[in-house]
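Descriptive structure summary
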Amino acid sequence: MTKAPEPVGAYPPCRTVGNLLFISGQGPRQRGSKDIPGVVLGPDGRMVSYDMEAQVRAVFQNLRYILEENGSSWDRIVDMTCFLTDMQRDFGVYNRVYAEYFPPGPNQPCRTTVGISSLPQGGSAPIAFEVKAIATLP
């Protein structure tokens with residue numbers, strides 16, 4: 001990978017099996033940076049607030065990098081699992097941004113959204129949104 005962020009653990013960013021591309025969970029961090037887009041840190045280094053829209057857009061950009069660098073494309077995503085750490089607070093924003101990227105139609109992927117208690121820090125602060133996906137290859 002040359003554009004997507006480096007994994008924060010012992011796993012590959014993606015794996016090809018037949019004509020399917022399985023993409024590991026992607027967070028909002030940018031390659032070569034520990035900063036999480038939309039996160040505001042206090043003087044003590046702890047997270048004060050975060051911007052869910054900024055995180056969703058950053059995650060989708062990272063997903064796009066992996067797709068393109070592996071010979072797939074956005075319209076070839078067939079399934080997504082999305083993880084939010086605060087479903088009540090963030091679902092509306094996430095769902096609105098998601099609809100911009102995946103309008104109704106024949107290429108709209110299946111989707112599961114899961115509320116969880118936390119996601120890995122992997123940067124300057126805990127992340128609030130992560131996605132794993134499956135796409136087809138030409």
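A brief look at the structure comes next.

Remarks on the nonpolar core
- Formed by 33 residues in total, the largest nonpolar core has its most connected members in F60, L63, I77, M80 and F129.
- Among the elements of the structure, β2 (20-26), α1 (52-69), β5 (77-84), α2 (87-101) and β7 (129-136) are those that each provide at least two residues to this core.
- At 7 residues, the largest contribution of residues to this core is made by α1.
- Ignoring anything within four residues of it in the chain, the contact list for I77 reads L63, L67, F102, N107, P109, A133, I134 and A135.

Description of the pairing of β2
- For strand β1 (residues 14-17) and β2, the ladder comprises 4 bridges, and the chain directions are antiparallel. Opposite T16, over in β2, you have L21 as the bridge partner.
- Taken together, β1 and the strand that follows it, β2, pair antiparallel across an intervening segment of 2 residues, in which G18 is found at a positive phi of about 60°.
- In terms of strand pairing, β2 meets β7 through 5 bridges, oriented antiparallel. Its bridge partner being in β7, I23 is matched across the sheet by A133.

Remarks on the sheet that holds β2
- One open sheet accounts for 5 strands, arranged β1-β2-β7-β5-β6; its pairing is mixed. What marks the edges here is a single partner per strand, and that holds for β1 and β6 (110-115). Pairs of neighbouring strands in the sheet enclose a mean axial angle of 10°, with direction left out of account.
- Across 7 bridges, the pairing between β5 and β7 is antiparallel.

Quick look at α1
- For α1, built from 18 residues, the straight-helix expectation of 26 Å at 1.5 Å per residue is met to within 8% by its first-to-last C-alpha distance of 26 Å.
- Residues of α1 that are buried include every one of M52, Q55, V56, A58, V59, F60, N62, L63, I66 and L67, and no others.
- Against β1, β2, β5, α2 and β7 lie the buried residues of α1.
- Capping the start of α1, D51 holds a side-chain oxygen 3.0 Å from the backbone nitrogen of E53, two or three residues further along.
- Directly after α1, the chain includes G71, whose backbone phi takes a positive value near 80°.

What counts and how
Residues numbered from 1 in each chain as written. Predicted model: local features only at pLDDT ≥ 70, side-chain atom pairs only at ≥ 80, totals over all residues. Heavy atoms only, no water. Core = buried A, V, L, I, M, F, W, Y, C linked by side-chain atoms within 4.5 Å. Buried < 20%, exposed > 50% of the residue type's maximum accessible area, 1.4 Å probe, protein only. Helix = DSSP H or I, 4+ residues; strand = E, 2+ residues; numbered from the N terminus. Contact = heavy atoms within 4.5 Å. Pairing = 2+ DSSP bridges. Axes fitted to C-alpha atoms, helices over the stretch in contact; angles between N-to-C directions. Expected span 1.5 Å × (residues − 1). Polar contact = N/O pair within 3.5 Å; in protein donor to acceptor, adjacent residues only side chain to side chain.

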